[in-house]
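Observations on the model geometry
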Protein chains: 4
Amino acid sequence: MTLAATPAATSVPRRIRLGMVGGGQGAFIGAVHRIAARLDDAFELVAGALSADAARAHASAAELHIAADRSYADYAAMARAEAARDDGIDVVAIVTPNHLHAPIAHAFLDAGIDVICDKPLTTTLEEALELVRHVRRSGRLFALTHNYSGYPMVRQARAMVAEGALGEIRVVQAEYPQDWLSTDLEASGHKQAAWRVDPARAGAGGSLGDIGTHAEHLARYISGLELEAVSAELSTFVSGRRLDDNAHVMLRYTNGARGLLWASQVAPGHENGLKVRIYGSKAGLAFSQEEPNHLRYAPLGEPPRLLTRGGPGSGAAAAHASRIPAGHPEGYLEGFAQLYRDVAEQIHARWQGRAPDPLACTVPTVEDGALGMKFIEAVVASSRADGRWTDARLRF
Amino acid sequence: MTLAATPAATSVPRRIRLGMVGGGQGAFIGAVHRIAARLDDAFELVAGALSADAARAHASAAELHIAADRSYADYAAMARAEAARDDGIDVVAIVTPNHLHAPIAHAFLDAGIDVICDKPLTTTLEEALELVRHVRRSGRLFALTHNYSGYPMVRQARAMVAEGALGEIRVVQAEYPQDWLSTDLEASGHKQAAWRVDPARAGAGGSLGDIGTHAEHLARYISGLELEAVSAELSTFVSGRRLDDNAHVMLRYTNGARGLLWASQVAPGHENGLKVRIYGSKAGLAFSQEEPNHLRYAPLGEPPRLLTRGGPGSGAAAAHASRIPAGHPEGYLEGFAQLYRDVAEQIHARWQGRAPDPLACTVPTVEDGALGMKFIEAVVASSRADGRWTDARLRF
Amino acid sequence: MTLAATPAATSVPRRIRLGMVGGGQGAFIGAVHRIAARLDDAFELVAGALSADAARAHASAAELHIAADRSYADYAAMARAEAARDDGIDVVAIVTPNHLHAPIAHAFLDAGIDVICDKPLTTTLEEALELVRHVRRSGRLFALTHNYSGYPMVRQARAMVAEGALGEIRVVQAEYPQDWLSTDLEASGHKQAAWRVDPARAGAGGSLGDIGTHAEHLARYISGLELEAVSAELSTFVSGRRLDDNAHVMLRYTNGARGLLWASQVAPGHENGLKVRIYGSKAGLAFSQEEPNHLRYAPLGEPPRLLTRGGPGSGAAAAHASRIPAGHPEGYLEGFAQLYRDVAEQIHARWQGRAPDPLACTVPTVEDGALGMKFIEAVVASSRADGRWTDARLRF
Amino acid sequence: MTLAATPAATSVPRRIRLGMVGGGQGAFIGAVHRIAARLDDAFELVAGALSADAARAHASAAELHIAADRSYADYAAMARAEAARDDGIDVVAIVTPNHLHAPIAHAFLDAGIDVICDKPLTTTLEEALELVRHVRRSGRLFALTHNYSGYPMVRQARAMVAEGALGEIRVVQAEYPQDWLSTDLEASGHKQAAWRVDPARAGAGGSLGDIGTHAEHLARYISGLELEAVSAELSTFVSGRRLDDNAHVMLRYTNGARGLLWASQVAPGHENGLKVRIYGSKAGLAFSQEEPNHLRYAPLGEPPRLLTRGGPGSGAAAAHASRIPAGHPEGYLEGFAQLYRDVAEQIHARWQGRAPDPLACTVPTVEDGALGMKFIEAVVASSRADGRWTDARLRF
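Residues numbered from 1 in each chain as written. Chains lettered and ligands numbered in written order. Predicted model: local features only at pLDDT ≥ 70, side-chain atom pairs only at ≥ 80, totals over all residues. Heavy atoms only, no water.

**Focus on the sheet that holds strand E5 (residues 142-144) of chain D**
Residue and element names in this part refer to chain D. Selection criterion: DSSP calls a pair of strands paired once it identifies at least 2 bridges connecting them. The way it works is that DSSP assigns letters per residue, a run of H or I at least four long becomes a helix, a run of E at least two long becomes a strand, and they are numbered from the N terminus. Helix axes use the C-alpha atoms of the stretch in contact, all axes being lines fitted to C-alpha atoms, and the angles between their N-to-C directions lie in the range 0 to 180 degrees.
Strand order in the open sheet formed by five strands is E2-E1-E3-E4-E5, and the pairing between neighbours is parallel. Both outer strands of the open sheet, strand E2 (43-49) and E5, are each paired with one neighbouring strand and no more. Neighbouring strand axes in the sheet, compared pairwise and without regard to direction, differ in orientation by 25° on average. Here strand E3 (residues 91-94) pairs with strand E4 (residues 114-117) via four bridges, running parallel. Opposite Val91, over in E4, you have Asp114 as the bridge partner.

**Structural notes on the domain arrangement of chain A**
Residues and elements named next belong to chain A. Operational definition: Bear in mind that the domain bounds are from an automatic or database domain assignment. Pairs of residues are marked as contacts when any of their non-hydrogen atoms sit within 4.5 Å. Here the quantity called buried area is the total loss of accessible area, with a 1.4 Å probe, experienced by two parts when brought into contact, counted for both.
The domains assigned to chain A are domain 1 (16-147) and domain 2 (149-324 + 369-391). A straight line from the C-alpha centre of domain 1 to that of domain 2 covers 27 Å. Tallying the contact residues gives 17 residues for domain 1 and 18 residues for domain 2. Surface buried jointly by domain 1 and domain 2 totals about 1,500 Å² across both partners, of which 57% is contributed by carbon and sulfur atoms.

**Notes on the interface of chain D and chain B**
Where we set the bar: Pairs of N or O atoms within 3.5 Å make up the polar contacts considered here, provided that, within protein, one atom can donate a hydrogen while the other can accept it, and that residues adjacent in sequence are counted only when both atoms are side-chain atoms. The nonpolar class holds Ala, Val, Leu, Ile, Met, Phe, Trp, Tyr, Cys and Pro. Asp, Glu, Lys and Arg form the charged class, and all remaining residues, Gly among them, are polar.
Taken together, the contact pairs 10 residues of chain D with 10 residues of chain B. Looking only at chain D, the three residues that lose the most surface to chain B are Pro303, Leu306 and Pro312 of chain D, adding up to 55% of its buried area. Summed over the shared surface of chain D and chain B, the number is two residue pairs in polar contact (both at pLDDT 80 or more). For the side of chain D that touches chain B, the element with the highest residue contribution is strand E13 (residues 305-308) of chain D, accounting for three residues. A class-by-class count of the residues in the side of chain D that touches chain B yields five nonpolar, two polar and three charged.

**Quick look at the packing of aromatic side chains**
We apply this condition: Any two rings among Phe, Tyr and Trp, with Trp reduced to its six-membered ring, count as a pair given centres within 6.5 Å; such a pair is stacked if its planes are under 30 degrees apart, edge-to-face if over 60, and tilted if neither. Only protein chains enter the accessibility calculation, which uses a 1.4 Å probe; a residue is then buried when its area is under 20% of its type maximum, exposed when over 50%, and partly exposed in between. A ring has a charge above it when a Lys NZ or an Arg CZ is no more than 6 Å from the ring centre and no more than 35 degrees off the ring normal.
For the coordinates displayed, the defined rule picks out 28 aromatic pairs over all chains. Aromatic side chains Tyr151 of chain C and Phe287 of chain C sit 5.7 Å apart centroid to centroid with 50° between the ring planes, which places their arrangement in the tilted category. Placement of Tyr151 of chain C in the loop between strand E5 (142-144) and helix H6 (152-162) and of Phe287 of chain C in strand E11 (residues 283-288) is noted, with a sequence separation of 136 residues between them. The pair formed by Tyr151 of chain C and Phe287 of chain C is uniform in burial state, with each residue classed as buried. Aromatic rings pair up to connect Tyr148, Tyr151, Tyr176, Phe287, Tyr332 and Phe336 of chain A into one cluster. The cationic tip of Arg158 of chain C hangs over the ring face of Tyr221 of chain C; the distance from NZ or CZ to the ring centre is 4.3 Å. Note that Arg252 of chain D overlies the ring of Trp389 of chain D, its terminal NZ or CZ placed 3.7 Å from the centroid.

Take a look at the structure:
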C-alpha cells in the first residue's frame, strides 16, 4: 500500500472539550457525530444531556465513559454548569429532533459556548432568522452539519468552480432519490419514518426538508450561486401520508443559471442517491454521493476525466479534506468528520491567535441554515400556488 | 462465441420496395434510414427524389445504384410515377427537413403509398392534426421514426410496465443532455447546427424540438402514461441564439404520476445522454441510451438487477427486437432498423392476409407525432406564461 | 440529434458480388456475415452453397432471394461455376464448421476467388501453414473475421499504441469470460455447445479455441507485440466434458512484455466479457467488448480519460471504422461489418488501380489465423507439460 | 437521511488500553491504526514506543496526548514497564518496518500482552513459523491487519461462499494493480518507495510482498480455499529496480479450483485496484476494493444483482461490519477499524467470560501471516525455476 504524507499535526495542548445534547441510547445521528468528532482525535466528549429522561441520559453517559457529574438531564442546566467549570466544554453538539435545535442553541450561545448543530437548522424560517441574529451578536462559532459538503471531491468541485474551470455556470441538476418510504413505513411504527412525516416534528417539508435541503445546499455549496426563485410541485404518493414524499423544483439563480431539483423517498432502487451536476460555458462536473471518491470533469471539447480523491488533477481543497491516499476510499463518516476537523482548526486558530486555514472556513453556517429554511418555505409556497415562481432570496 | 437461434425467416416472395425523399449526397439521416432498411434485408431501395436539385438527386441515386429512370427531382412526380408502375414502391421514407414532411406525406398518401417519416412529424400542431386525419382516411401505414423506441431494452421496459412489474407508476424522470451547442456553432456555418436554431426551419422548439421530443416520446412509450399538463422554462444560454438550448419541464400525467424532463444542448460532457427512469409502487427501471444493452430493474426490497438484452430476465419483447445473443452489443442502427423490421412485418402480414405479430405493432404512429407537436406547443406556451401549468392532452 | 458528415462515398460501378459457403437455415454465424456484408451496401449476395444438403441449400437460397441457378449444394461445383461466369462472385464467405474452412478455401483460391473466412482458420497448425502458402502463391485477398478488431475503439487503441502514446509496452492483461457452458449444456442436445466441446470438430482447444484465440488476437492486434512463449493450465470443470472450459495462460512477448490471458466458459455472470488492458511506460489503455464505444486511457500522472467513439480525443482510425456520431452506440454487427467494409475498400482499390486506404489494411489475415493456431498448439502443449514455457513464435 | 439502528453497545467498564510501537511523526500506517482504533471508541492509546529515536518518540507521544511517563524509546523497555503497571496496556499495535515485527511481537507476547501487527507478518517464512509457535504457546490474541478483510461486502462475500451460494468453487481471479512505481520513484528519495524495493527491508517480494499478499489473502479469506501450488513469473520493468514490480501467478487450490493472480505497481491508471472474483458452479461474485460498498452477485441463469452494504440481500456478516445505513458509503478506514472492533469484541468477551460473537472471529491471525509468507516464498521459488509449479501448502 502506498500512503501519502501525514497531515501536519497541529500542536495543541489538549483536545477540544465537547458536550452533546441528544444522542442517547437508541438514537443514531448522535453516534455519527461522536464518530465524526473522534475520527481526527481533536475532540473528547466530556459532558452530555443525552436524553430528557434522566435515567436514560445517565445510562447513556456511562456507556460513553462520560463522568457521572457531567451527565445532565436538562440542557439548560448543562449550559450553565459547563460554563461555570474551569474544564467546561468548549463546544456543544446539538443532535436532538429539529424543533429543539433553536432553544438549545440559544441556551449555549448565552452561555458563551460554540455550537455544532445538526440540520435542518430549525422548523421555521422565523426561528432561523432569530438564531442568525443571536449567533451574530454572540460572536460564537456556529456550524451546521450539512455533512455532504465535507467530502473531498465536493471541496474539489467547489474549488474548480470558484477558480473558473467551468466558465459561467448555466445549468444545475440536483437530485436526491431514496426508496425507503415507498410504502407507509410510518404506519408500522418505524421511528425514523414516523417523525419525518409528522408536520409537527418535521416542519412543512417531508422529503423536501429531510433530503431536498441537502441537495439544495450541496448545489449551492459547489456552484457558489444564489438562488433567486423556485417553481415547485410537491407530491404525496403513499396514501395517508401527511407530508410530501416527492419534490420537483425548477430553480432560477440570480446569475441567470437555471436548474432542476428532484428529491424523492419513493424511488425504488435508490438508497441515498444524492447527485449534483453543474454545467458551465467551459466544462461540466458531476458528483455522486454514493461514489464520493470520484468527480467527473468534462472540459468542453476534451475527453471527460475521472478525478479521484488524491489522484492527478485533485488539488489542495481535496487534499485538505482527505486522510489517506488515492484508491483507498473514504466515505460518509470521513466527510462528516471533516466538518468537525474544520471546526477544530477554527478553534485552534483562535487559541493560537492566528487566522484559520481558509480551506477550513467553508463549513456550513447558521446563515446557510436560514437559506435552507427559506428554500423550504418558498418551495412549499410555490407548490401551494400551483407552481408559481416564488422568491427564494434572503438578505441578512 | 455463443449465438442464439436465427429469428424465424418470414417467407416472402420479394423484398419490400422502398423509395426515399431527401437524403441526397451530404445528408445524413437519409443514410441512417438506408442502413436501417437494409439491415434485416426486408427492403430494397429502388427509387428516390433524393434532392430538389436535379443534378444532385441523380448523382446521389447513381451512387446508391438506383436506376436512372427511378431517380426523381420532384417528390410529387415521384409519387405519381411510382404509383403508376407495376413494380412501384411499396413505401416511401421521408427524410427531408421538417417543414417538408407534411406536404410530402400528403402526396404519397394520396398516391396510396405507405409512409415512414422522420421525426418530428411537422412544424406545427395544426399540420400534424391534418396529417393524422389524412392517414386515418387513407388507411395507409404511417410510421414515425422515434428510433429510440426500437431498442430491445426499451421494448423490455415497456413490456414490464405493461405487465405491472412496477405497480402504479408514480414518478418519471426523463433527460436528454448533449453538449454540441455549448458554443455558437451556428455562427461558424455548421449546417446541422444552423437549421436547428432557426425557427423557420426547426419550429418553435430548439433543444425542445430536436431532443426534448425524443425524451418525451420515450418516457411515454415506456410508461404508457398520458401527459396531462406541463410547467416549463425554456432558456437560451448562447448569446444570439434564436431558440432554446435548454428546457426544464415539470410533468403531470393523467394517472397522478409526476415527472421532470430536462433537455439541453449546452451540457458539457454529454454526447447523447438520453435517459428515462420510471418509478412505481413496486419497482424502478432505468434505461440509458448510451448503454442500450442494459436495463436496471430494482424491485422494491430486493437487490437491483441488471437485465441484459438476451440475458436472463429479458423476455419476448426484447428478443423480438434483437438479432444477436446477449453480450454482443447492439446499438443505435439496430434500434433504428427495428422500426423498419416492424414495418416490414406489418406489410408482410398484409400481403399474407394475416394479423401482424403484436410485438411489431408498437412502432410510433402519426398520432404519436401529433402528441409530440402538442408537447412542444404546450411547453412553449407554458414557458412564455412564466411556467403556468398548461394542458398537454390531445384527443383525436 | 447531431450527426457527423457522411463517410465519403466511393464511386464504384456496382456492388461486390458475394458468395457464401455454409450459413443455411438454422445456422447463425452465416446470418451475421450477411448482415455485416449488407450494412455498408458494398456487397450483394448472389450465390451460395448454403448447405451440403441440397434441399436445405436451395430452400435457404430462396429465402435469401438468391437465384435458383446460383444455389449450389457442393462448394467445389460452386467455385468452378462461379469462376466461369462473367457475373461470377468476386469473393466467397466461408462460414462452415471449422474443419471445412481449409478445403473450401483451397477450392476458391484455386478458382481465383478472394476469400473471407470465419475464425479459427483451421483445426490444425499444419493445415493453417499450408493455407498461408496457398494464399501467398495465389495473390488473392484472404480475410479472417476476428471481428472484434473491427471495433472503432479497438482501432483507436491500436493507433495510440502504434503512435507511442503508451511508451514501451510492459504488461498485457487479456480476458474473455463467458458463463454459458457452466453446466453440461452439450448433454442436452444444444447444437452450438455440442460441436464446441467435440475435439473432432472443434480441434484441440475448447474455450481456448472458441474464445481464447479471440482474446489472444485482440491483444496482439492492439499491442502490436509478438508472442514469444506461453505457460498454461487448461481445465475442464464440467464433468464429462471432453475439452477445456477454462484456460489460464501466462504470456511472454518478444519485447520483454509480460501478460496474462484468461478464457472461461464457466464464469457465471459473464456473457461475453472480452477485455484487453495494455500498460506501457507512459500510459494504460482498457477496452471492454461489452462497452465498445469507450476506451479508457490513463496517461501516467494525469487523470484517466474516457475516449468515446467520435468524441474528443478519438482520431482517424476510430473515425474510419464509424458510421454515426459520438453518443449513438455502435455494436457488434457494425464492428463485424467493418471487416467487410475494409475488404470492400481493398477490392475497390484494386478495381480502380490505386492503393487502398491504409486504415482499411489491418483486417486480420491468413497469417493471423496461423498465429492463432500456433497459440492454441503451444498452450495445449504447455498445459500437457505441466505449464512448461513453450515457444509460441511462428516464422513465415 | 435514514439511519439504521445503533449497534448494540457493549457495556464494558473501560476502554481497552492500547500501546503502539512505531508510528512516530511522519510515519503513516501508524496514523491509520490510530484512527482505526479510535473509530468505534473501544480503545484508548495510552503508551507508545513511537520511534527508536528518543527525542522523536517523545515529541510524537506529546502530540498524541500520551503521558510522558508512558512514552518509551525502546520497545523492550515498554513491554516490561507496561506489563508491570496496574493500568498497563492490554494490547500493542506493531506498525514498524516489517523486519522488526517479529522481535517486537516476541517481546510483547513474553510480557503477556496481546498483539495487533501490521502485515506482512515477517520477512521470512522461518520467522513467521517461529512466531506462530510462540503465539500458540502464549495463548495471547494475535491479529494481523490484512485490513481488506474488514470490509462489510468482503464479509458478505465470505459468508455467501461459506453458505454454498456459489456451489463448488472453480475459478478465482485476483488482481491488485497500482501505478505509483511506474517510474523509478525510489531514485528520487521517495521514502515509501525506497524501502519497498529494498530486499533488506522488504523481503524477497516487491509488488508481490507489498500488495500481492493482500490479493492472495483476500482471495483466500473470501473463498475459504487452500492454496496447493503456484506457477509464477516475477518481472522488474523499471530499470535498476531490485525487486519485482509485476507478478503473474497461476494458482492451484486443493479442491481442484484454479486461479490467476496479478499484482503490479507499473500499471498506469490504477490507484489501488484490488479486485477478487470468485466463480462457482452456481454463481459468480465480484468485489472491487475501490467500490467497497457493492458486491456483484450473479447466480447462474438469473440477472446479476448488485448487493449493497446494508441493502436488500446483505446479511448478518455485512451488518456486523457496518456502522451506517445503505447508501452512505463506508471506506478504507472503516474496514480497517473493523479489525480493531473485532479484536475489541474478543477482548471484551474474555473480560466477561463469554464466547465472542463468531462474526468477530474471522480477523486474520498469525497463521494467516505465515501462509502469506509461504505464498511469497513459493512464488519467488517458482519464478526462479522458470515457472515450475511449486508447493504452497503449509501445515501447522
